[in-house]
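Breakdown of the fold
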Amino acid sequence: MSGAGRGRGSVTFIGMPRSFRENAAEAMQDAQLGRNLRKATHTIRGKRARVVEELPDWAELREAGRAVKDHTLRHLDRYLLQLEEAVTRAGGHVHWAADADEANRIVTELVRATGESDVVKVKSMVTQEIGLNEHLAAHGITAYETDLAELIVQLGDDWPSHILVPAIHRNRTEIREIFRDRMAAWGRPAPEGLSDEPAALAEAARLHLRERFLSSKVAISGANFMIAETGTMVVVESEGNGRMCLTLPETLISVVGIEKVLPTWRDLEVFLQLLPRSSTGERMNPYTSMWTGATEGQRFHLVLLDNGRTGVLADEVGRQALRCIRCSACLNVCPVYERAGGHAYGSVYPGPIGAILTPQLRGMGSELDNSLPYASSLCGACLEVCPVAIDIPEVLVELRARARHPRSERMAMRAAGWLLADQARLSRAQRLAVRLRRLIPRRLPGPASAWTDTRDLPEIPEESFRDWWERS
Amino acid sequence: MSAREEILGRIRRAVAEAPEAPEAGIPRAYRTAVPCDDLAGLLAERIADYRAIVHVVPVALVPARLAELAAGKRIAVPDGLPAEWAGPAREAADAVLTDPARDELGAADAVLTGCAVAIAVTGTIVLDAGPGQGRRELTLVPDHHLCVVRADQIVAGVPEAIARLTPDAPLTWISGPSATSDIELDRVEGVHGPRTLEVVIAI
C-alpha cells in the first residue's frame with residue numbers, strides 16, 4: 001500500500017504489479033479456477049435471468065434506477081448535507097473522510113475510544129478499498145471478517161475474487177484445509193473430523209463466530225444505501241452475520257462511499273427490486289437491515305468516504321460508474337471475467353465494473369491500471385444486464401483513448417497520420433508496398449509483433465485501388 | 001479546510017458543468033401496485049421457495065396450531081404478543097421467556113413473533129420492532145423463528161410495502177432462513193441467523 005496522494009485510492013493487490021493480460025494469462029493455466037468460475041458465473045446468470053423475466057416492468061425499474069442515481073449525483077452535495085442532518089438528528093455521528101488514510105485514521109480513533117482491540121466486520125468492499133483491516137492491525141486492533149466467504153479469504157490470507165461470492169476461486173477441499181489449519185489461530189478451532197460438505201463448513205463457521213458475535217463490543221460495516229430524507233442506512237445480506245454485527249455490539253461504525261446516498265425513502269421501492277434480482281438472482285435476499293441513527297441503545301458513527309469518487313464525478317463520460325450498486329451482474333456475463341477470474345484485475349472491484357472504476361479511482365499510473373480498460377472484448381453484455389444502465393463499453397473506450405500507449409504504437413500512428421495526410425505521399429507509399437509485397441513477413445518483428453500475434457496482416461494486392469481506378 | 005468542506009467543494013466543482021438531472025425528470029413508470037387475487041396463497045408459495053416452512057391456517061385455528069408448534073420447546077416471546085393467539089402456545093411450551101435479556105436468548109429453542117408487513121411477490125416478512133415483534137436480537141439469536149402473519153398485513157409488491165412502512169424504528173426484512181452460497185455456490189440454509197423459519201399465515 002502506498003499513500004498515493006490525497007483523493008486517490010491507495011490499495012493495490014500485493015504481488016499483482018503486472019498488466020491485466022499477464023495476470024489473466026497466468027490465471028487461465030489454472031483448470032480448477034476455470035471450472036469454478038464457469039460454474040459460478042453461469043449459475044448466477046441463469047438465476048438472474050429467470051427472476052428478472054418475472055417482472056414485466058424491469059425496463060421501467062431500471063430506467064428509474066438510472067434516473068434516481070443521476071439526479072442524486074448531480075445534487076450530491078445537497079443530499080449528503082441532508083443525510084448528515086438526518087443522521088445527527090437521530091443520534092448518530094457523521095464523519096467525513098477525503099481519502100483512505102483519513103478514513104482509516106477516523107475509524108482507528110473511534111475504535112480506540114471504546115477501549116476495545118477486537119472488532120467484527122460485515123462484508124464491505126469499501127473497507128477493502130481503503131485497506132482498513134491492515135491499518136487497524138498496524139495499530140493493534142484485530143478485525144474479524146464474519147461473512148463466510150470473507151472469513152475463508154481472511155483465514156487463507158488471500159484476496160477476494162468476486163463481488164458477491166469472494167471465495168469462488170476456492171473449492172470445498174481447499175476451504176476445509178483452510179478451516180482446519182487456520183481457525184485456531186483466529187479463535188475457536190475447526191471441529192474434529194470436519195468434512196468438506198458445504199453444510200458442515202457453514203456449521204463450522206457458525207460455531208467459530210457465535211461467541212465472538214455475542215461478546216464483541218464494536219462492529220464495522222459498509223452500507224448498500226443511505227436515505228438522505230430520513231438518515232436511514234440499509235444493509236442487504238444473506239447469512240445473518242450482518243444482522244449480528246449491526247445489532248449486537250454497543251458501537252457500530254459504518255464506512256460508506258458518498259455515492260451510496262439516495263434522496264428519499266420511496267427510492268428503496270426501486271432499488272430493493274433491482275439489487276437482489278441482479279445480484280444473487282433471488283426475488284429478495286434473506287436479510288435486509290434498516291436503521292436510523294443510534295438504534296436500541298447503540299452508538300452509531302457514519303464515515304462518509306470520498307477517496308477519488310469526486311474525481312470520477314468530474315468526468316463527463318466516466319461519472320456514470322458512480323451509479324453502480326455493486327450487484328456483480330456484469331461479472332457473471334463477462335466472457336473476459338469468466339476466463340481471467342477476479343484476481344487478474346488487481347483490485348477489490350473486478351470484472352467489467354472494476355475495469356472502469358479502478359482506473360478512475362486510482363488513476364492510470366501503473367501498468368496494471370493502464371491495462372484495465374483493455375480487459376474487455378466490448379461485447380456489451382455488461383451494459384445489457386446492468387440494473388442502472390451503466391454504459392461500461394462507452395467508458396472503456398474513453399479510458400482506452402486516455403491510456404498510455406506503447407512507443408512503437410505511438411510511432412506507428414504518427415507515421416500513419418503523416419502518410420494519410422497527403423494524397424501523393426499515400427500513392428507513392430502504396431506503389432512502394434506493392435513492389436515490396438513479397439518481402440513483407442507474416443509476423444512483424446520487435447514490438448510490432450504484439451499486433452501480428454493476434455491478427456493477420458492484410459494481403460497487399462498487386463495493384464492499389466487508386467492505380468486501378470486511374471488505369472481503367 | 002475540513003474534509004467536509006473539501007469534499008463538498010470538490011463535488012460542486014465536479015458537477016458545475018454537468019447536465020441538469022431534475023427530480024421531476026425521474027420516470028416512475030414501474031408498477032406501484034401489483035394486481036393479485038390470492039395474496040396469502042402467493043406469499044405461502046414464495047416463502048416456501050426459500051425452503052422455509054409455511055402453514056396457511058384459518059384465523060380460528062391459529063392458537064391451536066401455534067400450541068402444537070410450541071409444544072415441548074423453550075419459547076422466547078416479545079412483549080405485546082396478542083394473548084388470543086399466543087395464550088395456548090405459552091401453555092404448551094416447556095418454558096416461556098418473555099422479552100429475555102441477551103444472555104438468556106441462547107437458552108431459547110425458538111422465538112414466536114408477529115410482523116409488520118409481508119410481501120407476497122418476494123416472500124418477505126418485515127419486522128419493525130413494534131408490539132409483538134421485539135428487539136432485533138430476539139429474532140436473530142434463537143435458531144428457530146416462528147412468525148405469524150395476519151391477512152391484512154400482506155401486500156403484493158415491494159412498493160406497497162415501502163408505502164406502509166416508516167424507518168423511524170429499525171426494520172428487518174426476512175426472506176427465508178439464513179443462507180449462504182459461498183462454497184461452490186451450493187446453497188446451505190442456516191449460517192448465523194435462524195436455520196429454521198416457520199411462517200403461520202392466518203387467513
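Keep in mind that what you see is a predicted model, and the values were worked out from it rather than measured. (Residues numbered from 1 in each chain as written. Chains lettered and ligands numbered in written order. Predicted model: local features only at pLDDT ≥ 70, side-chain atom pairs only at ≥ 80, totals over all residues. Heavy atoms only, no water.)

**Some thoughts on the layout of surface pockets**
All names here are of chain A.
- Roughly 2,100 Å³ of internal volume is contained in the largest pocket.
- Together, 47 residues line the largest pocket, and E409, A448, A450, W451 and R455 are the ones closest to its centre.
- Those elements giving two or more residues to the lining of the largest pocket turn out to be α1 (20-27), α15 (335-340), α17 (367-371), α20 (407-420), α21 (423-435) and α22 (449-452).
- The greatest single-element share of the lining of the largest pocket, amounting to nine residues, is contributed by α20.
- Broken down by class, the residue content of the lining of the largest pocket amounts to 30 nonpolar, nine polar and eight charged.
- Structurally, the lining of the largest pocket is a two-domain feature, drawing no fewer than three residues from each of domain 1 (21-309) and domain 2 (407-471).
- The volume enclosed by the second largest pocket comes to roughly 850 Å³. (1 Å grid on protein atoms, 1.4 Å probe; cavity = no way out; pocket = protein on both sides within 12 Å on 5 of 7 lines; lining within 4 Å. Points joined across faces, edges and corners; volume = space filled by probe spheres on them. Helix = DSSP H or I, 4+ residues; strand = E, 2+ residues; numbered from the N terminus. Nonpolar A, V, L, I, M, F, W, Y, C, P; charged D, E, K, R; others polar. Domains from an automatic or database assignment.)

**Focus on the sheet that holds strand β9 (residues 171-174) of chain B**
- Read across the open sheet, the eight strands follow the order β8(A)-β5(A)-β6(A)-β9(A)-β9(B)-β6(B)-β5(B)-β8(B); overall the sheet is mixed. A single partner strand is all that each edge strand has here, and the edge strands are β8 (261-262) of chain A together with β8 (154-155) of chain B.
- Bridge count between strand β6 (residues 124-127) of chain B and β9 of chain B: three bridges; the pairing is antiparallel. Across the sheet, V126 of chain B pairs through a bridge with W173 of chain B, a residue of β9 of chain B.
- Against the sheet, helix α12 (residues 268-279) of chain A makes contact with β5 (225-227), β6 (232-237), β8 and β9 (287-292) of chain A together with β9 of chain B, and its axis sits at roughly 175° relative to β5 of chain A, the strand it touches most. (Pairing = 2+ DSSP bridges. Contact = heavy atoms within 4.5 Å. Axes fitted to C-alpha atoms, helices over the stretch in contact; angles between N-to-C directions.)

**As for the packing of α20 of chain A against α21 of chain A**
Residue and element names in this part refer to chain A.
- Close contact between α20 and α21 brings their axes to 7 Å; oriented N to C, the two are set at 115°. In terms of orientation, α20 lies roughly perpendicular with respect to α21. On α21, the residues that touch W418, L419 and L420 of α20 are R425, L426 and A429. (Parallel < 35°, antiparallel > 145°, perpendicular 65-115°, else oblique.)

**Brief notes about the domain arrangement of chain A**
- Structurally, chain A comprises domain 1 (21-309) and domain 2 (407-471).
- When each unit is reduced to the centre of its C-alpha atoms, the spacing between domain 1 of chain A and domain 2 of chain A is 53 Å.

**Some remarks on the state of the cysteines**
All names here are of chain A.
- Taken as a whole and judged by the stated rule, the model has zero disulfides over all chains.
- This cysteine, C379, is not joined by any disulfide, and C382 carries the nearest cysteine sulfur, 6.3 Å off.
- Of all cysteine sulfurs, the one in C327 lies closest to C386, which takes part in no disulfide; the gap is 6.3 Å.
- Classification of C386 as buried rests on a relative accessible area of 8%. (Disulfide = S-S within 2.5 Å. Buried < 20%, exposed > 50% of the residue type's maximum accessible area, 1.4 Å probe, protein only.)

**Some thoughts on the pattern of salt bridges**
- Counting across every chain of the model gives 51 salt bridges over all chains.
- Between R46 of chain B and E45 of chain B there is a salt bridge, and its shortest N-O distance comes to 3.6 Å.
- Within the structure, one salt-bridge network assembled from shared partners comprises K39, R172 and E197 of chain A together with E184 and D186 of chain B. (Salt bridge = Lys/Arg side-chain N within 4 Å of Asp/Glu carboxyl O.)

**Some thoughts on the nonpolar core**
- F179, L268 and L302 of chain A together with W173 of chain B are the most contacted members of the largest nonpolar core, which totals 146 residues.
- If you look at the next biggest cluster of nonpolar residues, it comprises 22 residues, including L42, A52, A120 and V149 of chain B. (Core = buried A, V, L, I, M, F, W, Y, C linked by side-chain atoms within 4.5 Å.)

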